[in-house]
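Results of the structural survey
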Amino acid sequence: MKLERVMGCTAAELVGWLPRALPGAVLELESDAQAGRCRASFEDGRLTIEWRVLEPRQIAMLRVPQLKVCFSYSGFEDARRQVVQTYFDRATQRGGG
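Throughout this document, residue positions are counted from 1 along each chain, in the order its sequence is written. Whole-chain, interface and lining totals are the exception, using all residues; otherwise, since this is a predicted model, local features are given only for residues with pLDDT of at least 70 and side-chain atom pairs are given and counted only at 80 or more. The basis for the side-chain values is all heavy atoms of the structure; hydrogens and waters are excluded.

Next up on the list: the overall build of the chain. Note on conventions: DSSP H or I runs of at least 4 residues are helices, E runs of at least 2 residues are strands, and numbering of each starts at the N terminus. Across its full length, the chain holds 2 helices and 5 strands. Going residue by residue from the N terminus, the α and β elements of the chain occur as β-α-β-β-β-β-α. For 97 residues, the compact-globule estimate of 2.2 N^0.38 gives 13 Å, and the C-alpha radius of gyration of the chain, at 14 Å, lies within 12% of that figure. Along the first, second and third principal axes, the C-alpha atoms of the chain reach 45 × 30 × 20 Å. Contacts were defined at the residue level, with two residues in contact if any of their heavy atoms lie within 4.5 Å. Sequence separation of 24 or more characterises 48% of the internal contacts of the chain that already satisfy a separation of 6 or more. In these tables, accessible area is a Shrake-Rupley quantity obtained with a 1.4 Å probe, and a residue counts as shielded only by the protein chains included in the view. A total of about 6,300 Å² of accessible surface is found on the chain, and carbon and sulfur atoms cover 50% of it. Counted charges follow a simple rule, with Lys and Arg positive, Asp and Glu negative, and His plus the chain ends left uncounted. We put the charge of a Lys on NZ, of an Arg on CZ, of an Asp on CG and of a Glu on CD. Considering the chain, the positive charge centre built from 14 side chains and the negative charge centre built from 12 side chains are found 6 Å apart. With the radius of gyration taken over C-alpha atoms, the globule rule is written as 2.2 Å times the number of residues to the power 0.38.

Another point: the sheet that holds strand β3 (residues 35-42). A sheet is described by the order of its strands in space; here 5 strands give the open sequence β1-β5-β4-β3-β2, paired in antiparallel fashion. Across the chains shown, the open sheet's two edge strands, defined by having one partner strand only, are β1 (2-7) and β2 (26-31). Averaged over all adjacent pairs, the angle separating strand axes in this sheet is 20°, with direction ignored. As judged from the 6 bridges shared by β2 and β3, these two strands associate in the antiparallel manner. Paired with Ser31 across the two strands is Gly36, which belongs to β3. Strands β1, β3, β4 (45-59) and β5 (62-74) of the sheet are contacted by helix α2 (residues 78-91), whose axis makes an angle of about 165° with β5. Pairing between strands requires that DSSP locate at least two bridges from one strand to the other. Fitted lines through C-alpha atoms serve as axes, helices being fitted only where they are in contact, and the angles separating the N-to-C directions of these axes extend from 0 to 180 degrees.

Right, let's get into the nonpolar core. For soluble globular proteins, the rule of thumb is that nonpolar side chains tend to be buried together. Here, nonpolar core means buried Ala, Val, Leu, Ile, Met, Phe, Trp, Tyr and Cys residues that are tied together by side-chain atoms lying within 4.5 Å of each other. For every residue, the accessible area (1.4 Å probe, protein chains only) is compared with the maximum for its type, and the residue is labelled buried under 20%, exposed over 50%, or partly exposed between those bounds. Counting residues in each nonpolar core, the largest one holds 23 residues, and the members touching the most others are Leu14, Leu22, Leu47, Ile49, Trp51 and Phe88. Only α1 (11-21), β3, β4, β5 and α2 provide two or more residues apiece to this core. In contact with Leu47, not counting residues within four places along its chain, are Leu22, Cys38, Arg39, Ala40, Phe71, Ser72, Tyr73, Phe76 and Val84.

The next point concerns the environment of Gln66. Summarising the element assignment, Gln66 is placed in strand β5. Overall, the relative accessible area of 13% leaves Gln66 in the buried class. Separated by 13 residues in the primary sequence, Gln66 and Ala79 place their C-alpha atoms 29 Å from one another. Discounting chain neighbours no more than four positions away, the residues touching Gln66 are Val6, Met7, Cys9, Arg52, Val53, Leu54, Glu55, Pro56 and Arg57.

In structure tokens, the structure reads:
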């Protein structure tokens, strides 16, 4: 199963969030200033997250960093994959309103 999304954060922020966003996983990271990959191994499956830096989104004078993030799941049952993705999404969500 593959998913893609654009996240409003820097690569450094994403890397910093990964341990909290993927609890119980063994993480292997490869990254540089423009792209990266994280392999997260769980007892019941594996998740590979790949990202690359996009041009910042500009709204008036505000510039928001952006990453294109791709999630590739293997070995997970559908319900378990949903749990992992929902937890990741909530753990990396920024406040606001």
